[in-house]
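Report on the structure
Residue strings, one per chain:
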Amino acid sequence: MRANRQKIRDRKTPFSFIDALNCQKGCLCGTAVEHRGRTTDEVLYQLAGLRQTVKRDSRLTALTPEERMKELDRRFSETDLNDYLITYEDKSGPLALPEPSDEELEAIFLDMEKTTGEERTRNCAACGYQNCREMATAIFNGLNRKENCVYYLKNSVNKQNRQLRYMAEHDELLNIYNRRTILSRISDLPPGTDYSLVLADINGFRSLNETYGQKEVDKILIQLSEALKEKTSVFGGVVGRLKSDEFIILYAGRKLEESSPEIRAVIEAMESRVKAGEDLFHLTASIGVANADHASSPERHLEYAEIAAEAVKTFDKTTVLLYGDELRKTVEEERKTKELLNDAIGNDGFYMMYQPQVDVGTRRVHGYEALVRMKAPDMFPGKFIPVAEKNGLIWKIGRITTELVIRQISEWLRDGLEARPVSINFSSMQLSDEGYLDFLKRTLEKYRVPSRLVEIEITESLFIGKTDQAACLFHEFKAMGIRLLMDDFGTGYSVLGYLSYIPVDVIKLDKSLVDAYLTEGQDHFISNLIALVHDLGKTVIVEGVETDDQVRRLAEFRADVIQGYYFSKPLLPNEAICFAATPSG
């Protein structure tokens, strides 16, 4: 033990007391008990000698365990162990440990995250030391670790909590506030405080993603967020990220107009020059502004700003819109329309009208276009269809109208009437309804209606898009024996070349073409267009025909079918099936 004394001082051997234990088997066992900076007592050497004596005494091996215990107790009774108990009075001197230099001590304190004098002079009784310097010295000598410091542990937990709170409040990529934090900042404002929310939506963001990829677009977003913080901080603006391509700026204590300098700052930031790859360019944004009305919730005001930004996209040469009475009225009307739509979807609130399509040569009914109507008063298609598309309800209406039409054809057949093909409008928004084809097949089987009596009318843009999903849909329709009609030709791309390869049977010329070109001196365009469609083996239906002169010219140009008020407005089912083609005027 004496030989180990120097090793202990040199920190080559860990210091410990030996706690003697008299086992039933008659041996002496040692357990290590760590103790800070104290030397050994003479009793340790007595115990060590006693242990060796016991090991060498062969007479003990012949004794029973009980007898060995008694013999060991007798021998221990001759040894003074009073000063070895846990409550002993330590009479030894302190172990001389090397003291760290000022530089080494500073490094330890910094590692323990104690940077101030107050933090370094704390009472360390909870850690078993009189002060922080003692614990730092123990750490320096390898007798302890910083993780056993109560202050360090508490500080680490607080630091971790701060990090978690920061992550919860900020956008991970841009290090600006997220949506929830912006709304929370509004809620924390004193009651009655004015504030403005400015939403900036990057125009053409999807195209940026497709052209440059996510990594480069992330760099653009970082550039824009930095520009926004710089430009708006002058006016006390707080910047946050709402969605992938939308920023939100909170101006507390302000009530802005479209021409306010605070708005100008947002525009300048969003239109600042950015770099993607090797390209430098300026972006544009649609900006919506909503001022506090002290009646609506922060979430509702944010919704108002979104509505205003979305409305910007419908106006030419407009960058900013302030949510006001006009937009508020539009929103309220849309809300009511949505409620009526949901009620109609669940409670048989739709019915179908049928507009006859008349063969130009025979003047007989060629077929019908089915047009959906709502039973609720003052709910016209131009009003409720856009709302249904915007709110994801159009696929439900699509299924309802499909069943209404097929059921009506079934009733006509059951009554022995001559049913003609009926075209059903299919919105591009219905592409998300992946179960529509199966629904259509089941409904035709349910009502025992042949597929030749059902046609699907699709807008021009859906054909041009040529997505894999749309192409598969067209193929399935054709496989079922259902004819495809291109609706509204002339209102979209109007590129004649694609007519040669799209899987469509009928081209419907839009009323806008009739009004613009079916006039004296301009009608050669319509004549040539009809001839081209015929050369491609497709049928032509001309919509929006209203006058004798238009009918005469179309007959001359050999148009196949006419649809319009000249012959009939949309009719109820019992009127449509009995319709005979005569001029309505």
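Residues numbered from 1 in each chain as written. Predicted model: local features only at pLDDT ≥ 70, side-chain atom pairs only at ≥ 80, totals over all residues. Heavy atoms only, no water.

Counting buried residues in strand E4 (residues 195-202) gives 8 out of 8 residues, a clear majority hidden from the surface. Every second residue of E4 is oriented toward a common face, with Tyr195, Leu197, Leu199 and Asp201 on one face and Ser196, Val198, Ala200 and Ile202 on the other, all of them buried. Taken together, the 7 bridges between E4 and strand E6 (residues 246-252) define a ladder with antiparallel strand orientation. From the neighbouring strand, Leu199 faces E6, where its bridge partner is Ile248. Examined bridge by bridge, E4 and strand E9 (residues 285-291) share 7 bridges and lie antiparallel to one another. Of the residues in E9, the one forming a bridge with Ala200 is Ile287. (Buried < 20%, exposed > 50% of the residue type's maximum accessible area, 1.4 Å probe, protein only. Helix = DSSP H or I, 4+ residues; strand = E, 2+ residues; numbered from the N terminus. Pairing = 2+ DSSP bridges.)

Our focus in this paragraph is the packing of helix H10 (residues 214-232) against helix H11 (residues 261-270). At a closest axis distance of 8 Å, the pairing of H10 and H11 adopts a crossing angle of 155°. Here H11 runs roughly antiparallel to H10, going by the angle between their axes. As H10 packs across H11, the resulting crossing turns out to be right-handed. Each of Leu224, Ala227, Leu228, Lys231 and Thr232 in H10 lies in contact with H11, whose residues at this interface are Ala265, Val266, Glu268, Ala269 and Met270. Classifying every residue of the contact of H10 with H11 by side-chain character gives 7 nonpolar, 1 polar and 2 charged. (Axes fitted to C-alpha atoms, helices over the stretch in contact; angles between N-to-C directions. Parallel < 35°, antiparallel > 145°, perpendicular 65-115°, else oblique. Left-handed = near helix turned anticlockwise from the far one by under 90°. Contact = heavy atoms within 4.5 Å. Nonpolar A, V, L, I, M, F, W, Y, C, P; charged D, E, K, R; others polar.)

Moving on, we get to the side chain of Asn144. Looking at the element boundaries, Asn144 is found in the loop between helix H6 (132-140) and helix H7 (150-169). The class of Asn144 is buried, set by a relative accessible area of 16%. Looking at Asn144, its side chain comes within polar contact range of the side chain of Asn148, at 2.7 Å. Setting aside residues up to four positions removed in sequence, Asn144 forms contacts with Tyr129, Met135, Ala138 and Ile139. (Polar contact = N/O pair within 3.5 Å; in protein donor to acceptor, adjacent residues only side chain to side chain.)

Turning our attention to the packing of aromatic side chains. Evaluated as defined, the whole model comprises 11 aromatic pairs. Each ring, one from Tyr212 and one from Phe281, has its centre 5.9 Å from the other, and the planes form 20°; the classification is stacked. With Tyr212 in helix H9 (residues 205-212) and Phe281 in strand E8 (residues 279-282), the pair connects residues that are 69 residues apart, well separated along the chain. Overall, Phe281 belongs to the buried group, its relative accessible area being 18%. Aromatic rings pair up to connect Phe426, Tyr436, Phe439 and Phe477 into one cluster. (Phe/Tyr/Trp six-rings, centres within 6.5 Å; stacked < 30°, edge-to-face > 60°.)

The subject of this paragraph is helix H14 (residues 381-390). Of all the positions in H14, only Phe384, Val387 and Ala388 are classed as buried. One side of H14 carries all its buried residues, which in axial view fall inside an arc of 100°. Facing away from the buried surface of H14 by more than 90 degrees, the exposed residues are Gly382 and Lys390. Buried residues in H14 make contact with helix H13 (325-346), strand E11 (350-359), strand E12 (365-374) and helix H15 (394-414). Taken from the residues just after H14, Gly392 is the one with a positive phi, measuring 70°. (Arc of directions from axis to C-beta.)

Right, let's talk about the side chain of Ser410 for a bit. Examined against the element boundaries, Ser410 turns out to sit in helix H15. Taking relative accessible area as the criterion, Ser410 reaches 18% and is therefore assigned buried. Separated by 3.2 Å, the side chain of Ser410 and the backbone oxygen of Tyr447 make a polar contact. Dropping the residues within four chain positions of it, Ser410 is found in contact with Tyr447 and Val449.

Moving on: the pairing of E12. Counting buried positions along E12 gives 8 out of 10 residues, so the element sits mostly inside the fold. Direction of pairing for E11 relative to E12: antiparallel, over a ladder of 9 bridges. Bridging from a neighbouring strand, Tyr354 pairs with Ala370 of E12. Between E11 and E12, which pair antiparallel and follow one another directly, the connecting turn spans 5 residues, one of which, Arg363, has a positive phi of 60°. Inspection of the sheet shows E12 paired to strand E13 (residues 422-426) by 2 bridges, in the parallel sense. Of the residues in E13, the one forming a bridge with Tyr368 is Val422.

Below, the discussion takes up unusual backbone geometry. In this model, Asp378 sits at a positive phi of 65°, which is unusual for a non-glycine residue. With a relative accessible area of 55%, Asp378 lands in the exposed category. Even without being a glycine, Asp488 presents a positive backbone phi close to 60°. You can see Asp488 is positioned in strand E15 (residues 483-489).

Keep in mind these values describe shape, not function.
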